[in-house]
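Notes for the structure review
The primary structure of each chain is shown beneath.
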Amino acid sequence: MGVWDRSRRSSHDDFTNAGQTRKFIIDVEETKRQILEQEDTDGDCQITVQDAGPKMFKVGTANSNGYNKFEIRGTYMLSNLLQELALATDHGRKFITIDETRLNENPVDRLHRLIKYHFWDGLTRRIDAEGLEVICADPKNRQKDQQYRIYIPYHDKFALEYYTKVKTDRPHLNLDVVQLPEIITPQYVQSLNKLPGILSLALRRRTDALTGSEKVSGTPFVVPGGRFNEMYGWDSYFEALGLLVDGRVALAQGMVENFVYEIEHYGKILNANRSYYLTRSQPPFLTDMILQVYRAFVRSAADQAAPTQSTAPPPRRPWAKGELKVWLARGVRASLKELLGVWMTSPRLDPVVGLTKYHPEGIGMPPETESNHFHHVLEPHAKARNMTVEEFEKAYSRHEVQVPELDQYFIHDRAVRESGHDTTYRFDGNCANLATIDLNSLVYKYELDLYKIISEEFGGSDWAKAIVVFDQELDEEYHAYPDNFESSSFTGIPTFTLPSSNSSLFSVVLPAKLFLSLSKRTKALVYKHLWSDNERLFFDYDCRLQRQSVYRSCTALWALWSGLASREQASVLVPRCLELFEVKGGLVSGTEESRGKISLSRPNRQWDYPYGWAPHQIMAWEGLEKYGFHDDARRLVYRWLYTVVKSFVDFNGVVPEKFDVVGMTHRVKVEYGNVGTDFKFVAKEGFGWMNASFQVGLVYLTSHMRRALGTLTDPDSFFKSAPRKTMKA
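To keep things clear, this report deals only with the structure shown in the data block. Here the structure is a predicted model, which means the values were calculated and not measured.

What the rule picks out here adds up to 51 salt bridges. Note that E84 is salt-bridged to R102, the shortest N-O span being 3.9 Å. Of this pair, E84 sits in helix α2 (residues 75-90) while R102 sits in helix α3 (residues 100-103); the two residues are 18 residues apart in sequence, bridging distant segments of the chain. Judged by its relative accessible area of 13%, E84 is buried. Taken together, the shared-partner salt bridges in this structure form one network comprising E84, R102, E105, R110 and R113.

Here the focus is the state of the cysteines. Tallied over the full model, the rule gives 0 disulfides. With no disulfide of its own, C577 lies 8.0 Å from the sulfur of C554, the closest cysteine sulfur. C577 sits in the buried class, given a relative accessible area of 1%.

Our focus in this paragraph is the side chain of Q46. On the secondary structure map, Q46 appears in the loop between α1 (28-39) and β2 (56-60). Among the polar contacts listed, one links the side chain of Q46 to the backbone oxygen of F679, at a separation of 2.9 Å. Those residues in contact with Q46 that lie beyond four places of it in its chain are D40, D51, L82, F651, N652, T677 and F679.

Turning next to the sheet that holds strand β12 (residues 434-435). Taking strand neighbours across the sheet as the criterion, the 3 strands line up as β12-β18-β19 in an open arrangement whose pairing is antiparallel. With partners counted over all chains shown, the strands left at the sheet margins are β12 and β19 (547-548), one partner each. Relative to strand β18 (residues 541-542), β12 runs antiparallel, the two sharing 2 bridges. Across the sheet, the residue bridging to A435 is Y541, located in β18.

In this structure the tally under the stated criterion is 36 aromatic pairs. Judged by centre distance (4.7 Å) and plane angle (70°), the ring pair of Y276 and Y277 falls under edge-to-face. Accessibility classification places Y276 together with Y277 in one group, the buried group. Here K32 stacks its cationic end above the ring of F681, 4.9 Å away from the centre of that ring. Here K157 stacks its cationic end above the ring of Y154, 4.5 Å away from the centre of that ring.

Reading guide: rules and limits
- Residues numbered from 1 in each chain as written.
- Predicted model: local features only at pLDDT ≥ 70, side-chain atom pairs only at ≥ 80, totals over all residues.
- Heavy atoms only, no water.
- Salt bridge = Lys/Arg side-chain N within 4 Å of Asp/Glu carboxyl O.
- Helix = DSSP H or I, 4+ residues; strand = E, 2+ residues; numbered from the N terminus.
- Buried < 20%, exposed > 50% of the residue type's maximum accessible area, 1.4 Å probe, protein only.
- Disulfide = S-S within 2.5 Å.
- Polar contact = N/O pair within 3.5 Å; in protein donor to acceptor, adjacent residues only side chain to side chain.
- Contact = heavy atoms within 4.5 Å.
- Pairing = 2+ DSSP bridges.
- Phe/Tyr/Trp six-rings, centres within 6.5 Å; stacked < 30°, edge-to-face > 60°.
- Lys NZ or Arg CZ within 6 Å of the ring centre and 35° of its normal.

See below:
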């Protein structure tokens, strides 16, 4: 028997006509009170496998006007009933009719539907007059100052005027509008720690067709969820992949445009758009994100141009060729600035090894952490000065005491946070020294993407081998360029055109082969410093100590995603990684041996064994597919999706941030807890990249695998009859 049984009925059931489904008529509040009283034995406002109730509840059938009763049985159906009741309450409904198929819905179909039609909307934000009240709320802000505050870039005059007007028009917000200085230093950012606020993102302006008045709205984006109520760096890439699978191309487009805004005005894609993140970036995915959205728009335009019998209007008019090229060019401009201005320069580019490290410019303690997060680090220094930890923290933050050892500690701590892997023993006390395999795989992909975009997307002549770093005036002019535009003066090396009498702009022309050369250089250095023939694995490289790390990380598979690994390396890397990292629930972050022993003084960290994360799974799936390891990719997908669906079924529809993929649970005892699990009655958002991993993962499964997943067939049992095959292209 599976997790649900469509044929089960009680003795009081009234039969339905052939082809009809059973329906129930329900008093919303009374039924919710009764079911919670009977089934929610631990009082957490959820119905889970850990509750000790009878797991049976009678409801009245609609055909009998509630007189005949039908038994709803099992955790899954009862929790679905509770969720439907909670949604009815939210909509002000006193009585509802529920179809039985909604309660025993295939869990794979149910989760897919909830993510596509509800969770993405629940996670969507805009920074504008209507969206400020939601986005300004920051659960991570533990300062006394809780005023709503928005910081505006120095050169965005329109945004400054707009939010100043919002402040006047909406006094109840008590909004503080602050213009940032033109040059943002680490010292200035530290001075904002007591005055945290949201950082503005792109605004859209359009003219109302009826009134002729200008309408302004924020460019939409998706947040991860829970306490993460802002636009994050690498989260957004994975969320965009899920959005594209679900046909939400315009929302993914908005996220790209917000990243372009961040690079243009803040100098980098930020860890997230809060003031305390201004000096910190995150893993760079922008070029691939741009290409994914660009290709989706190209497909959409082709679909709309194809003959159709439908009389429905298209969702939007197709992009004109020039418009799409301008959009792509703006993204390329921003990508060039990020690659050359963030990742290929000090302090992130190591001048000796020549590879890239996570190394943000911030100073002092990260203010977004829990109040006692660094207590164990500060305590010895406080005792040495006969101070309390609180007194020492204030003195250190004000630079009243100088502790170079602590300064170095926080450089590495911020680097861990920039890596997105906060925290892990992999990066313990040395992150800013490490050229990691994941980051340098991303940089390689970035360089190769720029080469391909410039070569393939901008014509077929010399113009195809160069790209202008566009500014707005040039963007507007691009519509006038013919497809066969040629530049006979192009020399094949970076050139600079000074401003003319007609324009204050200057252009920088960079040849495609520059980025091809950079990618070859990165590949050679990664092979030299990060690859181990003996281990058949990529490792991080400590640029200060001039030696490889010994921590085995599943991010070694990112070399497949980026295309950096050779075919020969892949043939030994894949079986080695599957041997080390494949567990029942998917890929585990690292090995137990690499993590080391755990104790009260050395607790578990969330990016180590036994935890698994959506980004690691998605990157591995795509990398394995790219190199022809199709069976391995599908097997890992099935393991991960089984983990997701099992918790979804057993724990009231939960979709968490991460899993213990060894213990097969989302109920983890680790730093920061597990975002996405703290809700009452019904989950309304899931968690951003977990939602995406589910939608993306379904694309990989065969119909047979999807049916097995729907019945929660254990992965070890499912694959027992199909021995592992490691295929290579």
